[in-house]
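# Structural overview
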Amino acid sequence: MTLTRRNLGSLLATLILASSILSGPIHAAEPKLLRFASYATERPSEELRKMEPFQKAVEKGLSERGIALRVDVRIYPTYDEGIQALVNGEVDFARLGPVSYVTAKQRNTRLSLLAVEEHEGDKTFSGLIVVPKNSSIHHLSDLRGKKIAFGDPISTTGRYLPQAELVKAGLTAKDLASYDYLGRHDKVVFAVASGTHDAGATNERTFAKYAAERNLRELVRFPSPTQAWVARSDLDASTVKALRATLLAMKGAALDYIDRNGFLPATDSDYDELRKVIKMARAFGG
């Protein structure tokens, strides 16, 4: 069994990494593809490394429910490209961050919410603003006049939630020396650790992974809804039903990809509070 990657790049040489798990040679009777999309929150190679058990589990779960489909994985380099692929029906289902889900739903109201990720029995996890361990910054107010690193412009814990925290503390873009959107969460923590930025916004998983070796500490922590798993608007009902059941029943090594305890049933209203926070964050400006 081998993991292959295909170059789905644009004319600007932007790469979309694609992988397929192949069980022997492809024949005419090979199952059709179920195209899955994600986007890089860390190095795409890291995400692909954990993908094989997930793909196999989805294929097995669908097969047990009478649907023979082979899962094809596409990892997009930016959040917006992943969102738009789902909205346009270029992929069949996707893992979206909370703000990405809200954005996608605005662009295509007929998208189907399959499930949300379970984090320690709940539908929430934490985002953080982090600083170097020896920093003199101890309160959000200390960020006035400082340089801050954010993640992707559509990131929940990398942009919207931390900017809302700054607004609540009386800070907006004009109160900072500067700020930058660096894309992936790991790039944010690397920037803070290297000293190019005084603070950065990330998620708890990335912070836990790098905090000790990069000498980082938590400045503030805030709750976030977990990631949404969403199907394209015109995916047939039987596949949607089987896919939802497969996710909700998923256990074991397949969950290493999402680094969560599993999946929980979801409704669109799970993201209503986040919609309020997004509006608040707009006051950050910039």
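Residues numbered from 1 in each chain as written. Predicted model: local features only at pLDDT ≥ 70, side-chain atom pairs only at ≥ 80, totals over all residues. Heavy atoms only, no water.

The next subject is the overall build of the protein chain. Each helix and strand in the protein chain was counted, giving 9 helices and 13 strands. Each of the 286 residues in the protein chain was classed as buried or not, and the buried ones make up 53%. Considering only intrachain contacts with a sequence separation of at least 6, the fraction spanning at least 24 residues in the protein chain is 79%. For the protein chain, the accessible surface area stands at approximately 12,700 Å², while carbon and sulfur atoms represent 51% of it. (Helix = DSSP H or I, 4+ residues; strand = E, 2+ residues; numbered from the N terminus. Buried < 20%, exposed > 50% of the residue type's maximum accessible area, 1.4 Å probe, protein only. Contact = heavy atoms within 4.5 Å. Areas by Shrake-Rupley, 256 points an atom, 1.4 Å probe, with all protein chains shown as cover.)

Our focus in this paragraph is the side chain of His197. Within the secondary structure, His197 is located in the loop between α6 (185–194) and β10 (199–203). Exposure remark for His197: the relative accessible area of 9% places this residue in the buried category. A distance of 2.8 Å separates polar atoms of two side chains, one belonging to His197 and the other to Asp180. Within the local environment of His197, its side chain forms a polar contact with the side chain of Thr196, the two groups lying 2.9 Å apart. In contact with His197, other than residues within four places in its own chain, are Lys147, Ile148, Ala149, Asp180, Leu182, Ala191 and Val192. (Polar contact = N/O pair within 3.5 Å; in protein donor to acceptor, adjacent residues only side chain to side chain.)

Next up on the list: helix α5 (residues 156–168). With 11 of 13 residues buried, α5 is to be regarded as a mostly interior element. Residues of α5 that are buried include every one of Thr156, Thr157, Gly158, Arg159, Tyr160, Leu161, Pro162, Gln163, Ala164, Glu165 and Leu166, and no others. Directly beyond the C-terminal end of α5, a positive phi value near 85° is found at Gly170.

A word on the packing of α5 against helix α9 (residues 272–281). Where α5 contacts α9, the axes come no closer than 8 Å and their chain directions differ by 65°. By crossing handedness, the relation of α5 to α9 is classed as left-handed. Between α5 and α9, the contacting residues are Thr156, Tyr160, Leu161, Gln163, Ala164, Val167 and Lys168 on the first element and Leu274, Val277, Ile278, Met280 and Ala281 on the second. For the contact of α5 with α9, a count of residues per class yields 9 nonpolar, 2 polar and 1 charged. (Axes fitted to C-alpha atoms, helices over the stretch in contact; angles between N-to-C directions. Left-handed = near helix turned anticlockwise from the far one by under 90°. Nonpolar A, V, L, I, M, F, W, Y, C, P; charged D, E, K, R; others polar.)

Position of Asp80 relative to the elements: it lies in helix α3 (residues 79–87). Placed 41 residues apart in sequence, Asp80 and Tyr39 show a C-alpha to C-alpha distance of 8.7 Å. Apart from residues no more than four positions distant in its own chain, Asp80 is found in contact with Arg107 and Ile154.

Take the pattern of salt bridges next. Pairing between side chains of opposite charge can happen when their charged atoms approach one another. Counting across every chain of the model gives 19 salt bridges. A salt bridge links Asp72 to Arg74, with the nearest nitrogen and oxygen atoms 3.0 Å apart. Judged by its relative accessible area of 0%, Asp72 falls in the buried class. Its relative accessible area of 17% is what places Arg74 among the buried residues. Via salt bridges that share partners, Arg35, Asp92, Arg232 and Asp234 belong to a single interconnected network. (Salt bridge = Lys/Arg side-chain N within 4 Å of Asp/Glu carboxyl O.)

This next bit is on the nonpolar core. Counting 48 residues, the largest nonpolar core has Leu96, Tyr101, Ile129, Leu143, Leu166, Val230 and Tyr271 as its most contacted members. Apart from residues lying up to four places away in sequence, Tyr101 is in contact with Leu96, Leu113, Ala228, Val230, Asp268, Tyr271 and Arg275. Counting residues in hydrophobic clusters, the runner-up holds 29 residues, among them Leu48, Val73, Ala231 and Tyr257. (Core = buried A, V, L, I, M, F, W, Y, C linked by side-chain atoms within 4.5 Å.)

Attention shifts here to the pairing of strand β12 (residues 228–231). Covered by surrounding structure in β12 are Ala228 and Val230 together with Trp229 and Ala231, the residues of both alternating faces. As defined by bridge partners, strand β5 (residues 93–96) adjoins β12 across 4 bridges and the pair is classed as antiparallel. In the sheet register, Arg95 faces β12, and the bridge partner there is Trp229. Examined bridge by bridge, strand β6 (residues 112–118) and β12 share 4 bridges and lie antiparallel to one another. Each bridged residue has a counterpart across the sheet, and for Val116 the counterpart in β12 is Ala228. (Pairing = 2+ DSSP bridges.)

The phi angle at Glu120 is positive, at roughly 55°, despite the residue not being glycine. As for its placement among the helices and strands, Glu120 is situated in the loop between β6 and β7 (124–132). Despite not being glycine, Asn215 has its phi angle at roughly 55°, a positive value. Checked against the element boundaries, Asn215 lands in the loop between α7 (204–214) and β11 (216–225).

Let us now look at the packing of aromatic side chains. Under the definition given, this model contains 16 aromatic pairs. When the centroid spacing of 5.2 Å and the interplanar angle of 50° are considered together, the rings of Phe36 and Phe54 count as tilted. Of this pair, Phe36 sits in strand β3 (residues 32–39) while Phe54 is found in helix α2 (residues 51–64), placing the two residues 18 residues apart along the sequence. Classification of Phe36 as buried rests on a relative accessible area of 0%. Judged by relative accessible area, Phe54 falls into the buried class, the value being 1%. Here a set of aromatic residues connected by ring pairs shows up, and it is made of Phe36, Phe54, Phe93, Trp229, Tyr257 and Phe263. Positioned above the aromatic ring of Tyr257 is the side chain of Arg95, whose terminal nitrogen or guanidinium carbon lies 5.4 Å from the ring centre. The residue whose ring lies beneath Arg260 is Phe125, and the NZ or CZ to ring-centre distance is 4.5 Å. (Phe/Tyr/Trp six-rings, centres within 6.5 Å; stacked < 30°, edge-to-face > 60°. Lys NZ or Arg CZ within 6 Å of the ring centre and 35° of its normal.)

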